[in-house]
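# Summary of the model geometry
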Amino acid sequence: MDFLDFKNIPCFGIAGNFAQHLEQAGEASDFAGLIREQGAPKGIFPFYVPESSSFLGRYPLDNERLKIPKNAKVQAEPEIALRLGLNYDKNGICSLKPLSFMSFNDASVRGVKAAKISHKKNFGGASRGAGNEIAIDKFSSGGICDDFSLASFLHSQGEFLAYGECARLSEYGYFYEKLLEWIKITLNTQQDEAVLEHLAVFFEHKPKQILLALGATRYEPNMENRYFKAGDEVYIIAFNHKKFSLEQIKELTKDGKISPSDDISVLIQRIEYE
């Protein structure tokens, strides 16, 4: 249940792994020309690459603040992220081992045209965040992830509101073995296409681990077009739903009593203007 930094680990995200999120975010058209299996994620994008000379080399994770451009439309993307160990053979990545999971904010700028989805992601030095890690026993049915759900809340101008729909981790479109196989294939084969980038170049030095955000859940209807303002606070919480109800998590969060543990991964960020 540690908070660890990822400064030496390449970081990526999955687009389109939760039904209807891209439509809510107004980004479905970015992927309209891509041919994918029905229900499959759209692709993987980088948001941090250590030692990159581009904007991707700017470390974007901050577990207390989300700093946004003053005139930009920015939303959180409540997600689960995995720390993955990688193994290689002569053909590239040959296997992945999930080591831990955590709550994650893959915040994104809305309403702007960008050549690549990564340009909407790493928009500053505090443009996303990760909660405490929870160790994975096995990434398959019957493992720890079966028992966890993801919830998110917004505290703004005295109101405490549900932000994203509460969802079980198993509700991801691709999860467990199917997800791992898709990730392996995509990291090895994704080309420069539409808003996606060629990925193999990021693995030339064979990093041993990556952080991978799995895709955002759906927003509550009144949050689809709600953009952050300075002073807002966003809470993204993965919790063991066999030990806590959603209402209990909501009350603990609202009262300032939510805390990281082996049963709760917590990310709390205060919104500030750059």
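Reference entry: report on the structure contained in this document. (Residues numbered from 1 in each chain as written. Predicted model: local features only at pLDDT ≥ 70, side-chain atom pairs only at ≥ 80, totals over all residues. Heavy atoms only, no water.)

Here the focus is the pairing of strand β1 (residues 11-15). Summarising burial for β1: five of the five residues are buried, a large majority. Bridging between β1 and strand β13 (residues 209-213) involves three bridges; their strand directions are parallel. Within the sheet, the bridge partner assigned to G13 lies in β13 and is A213. (Buried < 20%, exposed > 50% of the residue type's maximum accessible area, 1.4 Å probe, protein only. Helix = DSSP H or I, 4+ residues; strand = E, 2+ residues; numbered from the N terminus. Pairing = 2+ DSSP bridges.)

With the rule as written, the count across this model stands at 15 aromatic pairs. Look at F139 and F175: their rings are 4.9 Å apart centre to centre, the planes differ by 65°, and that puts the pair in the edge-to-face class. Taken together, the residues span a long stretch of sequence, with F139 in the loop between β9 (134-135) and β10 (148-156) and F175 in the loop between β12 (167-168) and α2 (176-189) at a distance of 36 residues. Here F139 falls in the buried class, since its relative accessible area comes to 8%. Ring geometry for Y174 against W182: centres 6.4 Å apart, planes inclined by 85°, an arrangement best described as edge-to-face. Note on accessibility: Y174 and W182 belong to one class, buried. Put simply, the rings of F18, F139, Y172, F175 and Y176 pair up and form one aromatic cluster. Above the plane of the ring of Y88 lies K206, whose end atom (NZ or CZ) is 5.9 Å from the centre. (Phe/Tyr/Trp six-rings, centres within 6.5 Å; stacked < 30°, edge-to-face > 60°. Lys NZ or Arg CZ within 6 Å of the ring centre and 35° of its normal.)

A separate point is the environment of M223. With respect to the element layout, M223 can be found in the loop between β13 and β14 (233-240). Residue M223 is classed as buried on the basis of its relative accessible area of 2%. Between the C-alpha atoms of M223 and S140, which are 83 residues apart in sequence, the distance is 32 Å. Residues contacting M223, with those up to four places away along its chain left out, are Q75, L154, L161, A162 and Y163. (Contact = heavy atoms within 4.5 Å.)

What follows deals with the pattern of salt bridges. Tallied over the entire structure, the rule returns 13 salt bridges. One salt bridge connects D263 with K243, and the closest N-O pair in it is separated by 3.3 Å. Note that D263 is positioned in the loop between α3 (246-254) and β15 (264-273) and K243 in the loop between β14 and α3, a separation of 20 residues in sequence. Its relative accessible area of 19% is what places D263 among the buried residues. Taking the relative accessible area as the measure of exposure, K243 reaches 53% and is therefore exposed. Through salt bridges with shared partners, a single ionic network connects E77, D106, R110, K121 and R128. (Salt bridge = Lys/Arg side-chain N within 4 Å of Asp/Glu carboxyl O.)

Keep in mind these numbers describe shape, not what the thing actually does.
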